[in-house]
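Now for the letters of each chain:
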Amino acid sequence: KAATQPPTSMAYAQKHACVAAGRHADGTRKGRVQGKASSPKLAVPAGVRRFVATRAASATSYTQPAKEAPTELEDLELPLNTFSPKKPFTAKIKSVERIVGPKATGETCHIVIETEGQIPFWEGQSYGVIPPGSKINSKGKEVPHGTRLYSIASTRYGDFYDGNTASLCVRRATYWDPEKNAEDPAKKGICSNFLCDAAPGTEITMTGPTGKVMLLPEDPNSVVIMVATGTGIAPYRGFWRRMFFERPDSYKFSGLAWLFMGVANSDAKLYDDEIQWCQKNFPDQFRCDYALSREQTNKSGGKMYIQDRVEEYADEIFDLLNSGAHMYFCGLKGMMPGILEMLQRVAKEKNMDWEEFQEKLKHNGQWHVEVY
């Protein structure tokens, strides 16, 4: 049992209150439930909600009245493409918070969306967002912007445990023009900037939910290894909140959750307060290892990238995979070549055929990749 309550949330006074995650911690995972749960209960303590540690600014503690969570969501069949580009869902922005420090490479925001429970999902799925406005296609015709997919960064109950919100973790996409030595606003990411600049009450056009790849095994005693870079941490936040914050009767996690997280520096850590809380209160079930490329070095003296940190535990990871562990990858697609090269090299050192071993993992449903 947890020794303390999960972190509570912080309120902020204005639209872009600057809050950031910080420091060290230990790993994660989630569970999904099929079929009907018998008399599920989810006790939500007063004031239990999302918390983000402040770095420079002060913030006022916010407490929310205790409420019964809508545990009928435990009986939810896997929803797929409930809404489409032709028949989208209109939601509203509830809040936008910057969650990185001043020395982070870029800006990342935690965005809470009011859905009124009308677009339910399972942890590990994604939403589509259609930004406002239009573009000229290759045929010279004006058409709406295309759909952008974002992994959902909350559980099915949302940050308020009422099933009426969902959260996204979005990095603002910008383009640096080396010739002008400045950002070129004409080439900025349309959807990410729309989301990061949105004020509470802004309407947002959504599709989905989509995805089966990142759903977790039904067995709550599973070992789940999660590898993320940047905003690829989004689905894992939903996992650890379900496993360790909520712990519904129909999903009592008893396995091991292990997170590998790669970012540039300490200021770029995301949700580190929640990670630390899980590590402190569930030390036998939750592990986390960071790869901070601009602050740490690998065994060869070079920058510490995500594949370098995973390699440090290669023997243990291969043993866990051989015993049925699931391994997840989420983040920029550029993370995968280095990881696969490392795993292939380690497998060769162990006199294993990596392609054969990987194919077995895929066949057994132990291998999960969602990169963008």
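For the structure itself, consult the block above.
What comes next concerns the included structure. No experiment lies behind these values; they were computed from the predicted model shown. (Residues numbered from 1 in each chain as written. Predicted model: local features only at pLDDT ≥ 70, side-chain atom pairs only at ≥ 80, totals over all residues. Heavy atoms only, no water.)

Our focus in this paragraph is the pairing of strand 16 (residues 326-331). For strand 16, the buried fraction is high: 6 of the 6 residues fall into the buried class. Here strand 16 shows no split at all, with His326, Tyr328 and Cys330 on one side and Met327, Phe329 and Gly331 on the other all buried. Direction of pairing for strand 13 (residues 223-229) relative to strand 16: parallel, over a ladder of 5 bridges. Of the residues in strand 16, the one forming a bridge with Ala228 is Cys330. Summarising the sheet, strand 16 and strand 17 (residues 367-371) pair through 5 bridges and their orientation is parallel. Its bridge partner being in strand 17, Met327 is matched across the sheet by Trp367. (Buried < 20%, exposed > 50% of the residue type's maximum accessible area, 1.4 Å probe, protein only. Helix = DSSP H or I, 4+ residues; strand = E, 2+ residues; numbered from the N terminus. Pairing = 2+ DSSP bridges.)

In spatial order, the strands read 8-5-12-3-4-9; together these 6 strands make up an open sheet with antiparallel pairing. Looking at which strands have only one partner, the edges of the open sheet turn out to be strand 8 (148-151) and strand 9 (165-171). Adjacent strand axes in the sheet meet at a mean angle of 40 degrees, parallel and antiparallel pairs treated alike. Across 4 bridges, the pairing between strand 3 (residues 89-98) and strand 12 (residues 203-210) is antiparallel. Of the residues in strand 12, the one forming a bridge with Phe89 is Met206. (Axes fitted to C-alpha atoms, helices over the stretch in contact; angles between N-to-C directions.)

An ideal rise of 1.5 Å per residue puts 21 Å on 15 residues; helix 6 (residues 335-349) measures up with 22 Å between its terminal C-alpha atoms. Taken together, the buried residues of helix 6 touch strand 13, helix 4 (306-311), helix 5 (314-322), strand 16, helix 7 (354-363) and strand 17. Positioned one or two residues after helix 6, Asn351 has a phi angle of 60 degrees, which is positive. (Expected span 1.5 Å × (residues − 1). Contact = heavy atoms within 4.5 Å.)

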